[in-house]
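# Report on the structure
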Amino acid sequence: MQDKFKNINNKPHFLAAQLIKNQREAEFKLIKPVSLKKNSKLLKNINKGTLYWITGLAGAGKTSVGNILFKYIKKKYRNTVFLDGDILRAILGYENINYDKASRMRIAMQYARLSKLFTDQGINVIFATISMFDSVRVWNRKNINNYVEIYLKVPIDIIITRDKKHLFSNAIKNEKQNVVGIDIKIEEPKNPDIVLENSQKVSINNLSKDLINKLILDYNL
């Protein structure tokens with residue numbers, strides 16, 4: 001019996017088993033943390049997702065920029081979702097809820113908490129929403145580890161010229177109430193991480209490319 005197994009180490013099936021064992025051991029080795037650039041501002045916790053909070057007035061281009069950013073990040077990280085404030089309102093049955101300041105703030109906080117639910121599970125979130133409230137942005141920065149605040153800044157006179165839904169023109173004529181920037185005061189972001197000036201001098205595609213380049217440079221995207 002001893003002679004039978006004397007040269008087992010030389011048998012092909014033993015070598016194959018040894019290779020499989022080595023491969024499994026390699027798979028179970030601890031993965032080293034991502035190596036960040038020295039100027040990287042992000043990834044306080046590499047086990048959690050990142051929230052890209054794109055805020056700005058209605059008509060600023062949030063959804064368009066958010067969609068382009070989502071497609072770029074999704075190619076690199078499949079665990080990525082895109083959320084749009086208007087679409088979520090419809091999905092959650094908020095269409096008939098008032099657009100007054102108190103209702104807007106309550107919904108904005110729900111969006112913030114929903115984002116935390118996703119990021120805590122390692123899912124990246126691109127969120128396009130007006131949510132122009134200091135308290136909501138402060139909450140995001142305090143409670144979400146990996147948070148990037150992106151402000152799409154557009155002068156109000158240009159916003160009015162883009163008014164496809166006639167929100168601003170009707171509000172100016174007192175035919176519509178609760179429009180942020182007209183009868184609801186704007187709480188402009190105080191310390192956004194990135195400001196994009198969308199005053200029609202640059203196309204949405206190029207504006208989005210600028211955003212992606214900034215995220216690559218400063219946030220190791």
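I will try to describe carefully the structure that is included in this document.

Calculation notes
Every chain begins its residue count from 1, and numbering advances along the sequence as written. Where totals are concerned, whole chains, interfaces and linings use all residues; where local detail is concerned, this predicted model gives features only for residues with pLDDT of at least 70, and gives and counts side-chain atom pairs only at 80 or more. To get the side-chain values, take all heavy atoms of the structure and skip hydrogens and water. Whenever a helix is involved, its axis is fitted only over the stretch in contact; in every case the axis is a line through C-alpha atoms, and angles between N-to-C directions fall within 0 to 180 degrees. Runs of E in the DSSP output that reach at least two residues are strands. Runs of H or I that reach at least four are helices, and both are numbered from the N terminus. Relative orientations are named as follows: roughly parallel for angles under 35 degrees, roughly antiparallel for angles over 145 degrees, roughly perpendicular for angles from 65 to 115 degrees, and oblique for any other angle. By convention the crossing between two helices is left-handed if the near helix lies anticlockwise of the far one by an angle smaller than a right angle, and right-handed if it lies clockwise. Contacts between residues were defined by any pair of non-hydrogen atoms, one from each residue, lying within 4.5 Å. Nonpolar core, defined: a set of buried Ala, Val, Leu, Ile, Met, Phe, Trp, Tyr and Cys residues in which side-chain atoms within 4.5 Å join the residues together. Accessible area is worked out with a 1.4 Å probe on protein chains only. A residue is then buried under 20% of its type maximum, exposed over 50%, and partly exposed in between. Only one rule defines a salt bridge in this text: a Lys or Arg side-chain nitrogen within 4 Å of an Asp or Glu carboxyl oxygen.

Here we come to the packing of helix α2 (residues 62-76) against helix α8 (residues 204-219). Viewed as axis vectors pointing N to C, α2 and α8 meet at an angle of 50°, and their least axial separation amounts to 9 Å. Between α2 and α8, the angle is such that the two are oblique. Two packed elements cross with a definite hand, and for α2 against α8 that hand is right-handed. Facing α2, whose interface residues are Ser-64, Val-65, Ile-68, Leu-69 and Tyr-72, α8 presents Ile-204, Asn-205, Leu-207, Ser-208, Leu-211, Ile-212, Leu-215 and Ile-216.

In this structure, Tyr-52, Leu-69, Ile-150 and Leu-215 are the most contacted members of the largest nonpolar core, which totals 30 residues. Here this core takes five residues from α8, the largest share from any one element. Apart from residues lying up to four places away in sequence, Leu-215 is in contact with Tyr-52, Leu-69, Val-148, Ile-194, Asn-220 and Leu-221. Ile-107, Phe-127, Trp-139 and Ile-144 belong to the second largest nonpolar core, which has 17 residues in total.

A word on the pattern of salt bridges. Evaluation of the coordinates by the stated rule reveals eight salt bridges. Two residues, Glu-187 and Lys-101, come together in a salt bridge whose shortest N-O distance is 3.5 Å. Taken together, the positions of Glu-187 in the loop between α7 (167-172) and β5 (194-197) and Lys-101 in helix α4 (residues 101-119) put the pair 86 residues apart, joining distant regions of the chain. A salt bridge links Asp-134 to Arg-137; the shortest N-O distance between them is 2.5 Å. Of the two residues, Asp-134 and Arg-137 both sit in helix α5 (residues 134-143), three residues apart, roughly one turn of that helix. Under the relative-accessibility criterion, Arg-137 is labelled buried at 4%. Residues participating in the shared-partner salt-bridge network are Lys-48, Lys-116 and Asp-120.

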